[in-house]
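Structural overview for review
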Amino acid sequence: MWSNNTSIIQQVIDQGLKMMQNGQVSESTYQIWVEYSKSMLNIATKNPSIYSNYLSVILAASNPDMQPYQRLSMCLQYLINIQTII
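What comes next concerns the included structure. (Residues numbered from 1 in each chain as written. Predicted model: local features only at pLDDT ≥ 70, side-chain atom pairs only at ≥ 80, totals over all residues. Heavy atoms only, no water.)

**Section: helix H2 (residues 27-44)**
With 18 residues, H2 ought to run about 26 Å at 1.5 Å a step, and its terminal C-alpha atoms sit 25 Å apart, in line with that. Along H2, the positions that sit buried rather than exposed are Tyr 30, Trp 33, Val 34, Ser 37, Lys 38, Met 40, Leu 41 and Ala 44. Buried residues belonging to H2 abut helix H1 (4-21), helix H3 (48-60) and helix H4 (68-82). (Helix = DSSP H or I, 4+ residues; strand = E, 2+ residues; numbered from the N terminus. Expected span 1.5 Å × (residues − 1). Buried < 20%, exposed > 50% of the residue type's maximum accessible area, 1.4 Å probe, protein only. Contact = heavy atoms within 4.5 Å.)

**Observations regarding the packing of aromatic side chains**
Counted according to the given criterion, the structure contains one aromatic pair. Ring centres of Tyr 54 and Tyr 78 lie 5.6 Å apart, and the angle between their planes is 20 degrees; on these two criteria the pair is classed as stacked. Taken together, the residues span a long stretch of sequence, with Tyr 54 in helix H3 and Tyr 78 in helix H4 at a distance of 24 residues. For the pair Tyr 54 and Tyr 78, one class covers both residues: buried. (Phe/Tyr/Trp six-rings, centres within 6.5 Å; stacked < 30°, edge-to-face > 60°.)

**Considering the nonpolar core**
One finds Tyr 30, Trp 33, Tyr 54, Cys 75 and Leu 79 to be the most contacted residues of the largest nonpolar core, which totals 23 residues. Looking at this core, the elements with two or more residues in it are H1, H2, H3 and H4. In contact with Cys 75, not counting residues within four places along its chain, are Tyr 30, Trp 33, Val 34, Tyr 54, Val 57 and Ile 58. (Core = buried A, V, L, I, M, F, W, Y, C linked by side-chain atoms within 4.5 Å.)

**Notes on the environment of Asn 42**
Mapped onto the fold, Asn 42 is located in helix H2. For Asn 42, a relative accessible area of 44% corresponds to the partly exposed category. Taking the C-alpha atoms as reference points, Asn 42 and Ser 52, separated by ten residues in sequence, lie 9.9 Å from one another.

**A short note on the packing of H1 against H4**
One can describe the packing of H1 onto H4 by two numbers: an axis separation of 10 Å at closest approach and a directional angle of 155 degrees. Considering the angle they form, H1 stands roughly antiparallel to H4. The element H1 and its partner H4 pack so that their crossing is left-handed. Residues Ile 9, Val 12, Ile 13, Gly 16, Leu 17, Met 19 and Met 20 of H1 form the contact with H4, whose participating residues are Tyr 69, Leu 72, Ser 73, Leu 76, Leu 79 and Ile 80. Taken together, the residues of the contact of H1 with H4 break down into eleven nonpolar, two polar and no charged. (Axes fitted to C-alpha atoms, helices over the stretch in contact; angles between N-to-C directions. Parallel < 35°, antiparallel > 145°, perpendicular 65-115°, else oblique. Left-handed = near helix turned anticlockwise from the far one by under 90°. Nonpolar A, V, L, I, M, F, W, Y, C, P; charged D, E, K, R; others polar.)

Geometric descriptors of this kind do not, in isolation, establish any biological role.
Put into structure tokens, the structure is as follows:
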């Protein structure tokens, strides 16, 4: 049985995957999703290192040579990887 925190993160992941599947990843939708994902992760985890690491992923994804869907993919990979430890 998943904890409530895991289901919060799953909702964020599902939303991001849906955006990618629909090809709806513009710069503005990416920015909105990132803000949403940060606030949900902050709610879901009380571990500051998990949140801090996620901010590092977002910073790394801010490379101007990357497309918004590539940035979203990096963030999703991190969230999927940490989902089991939340």
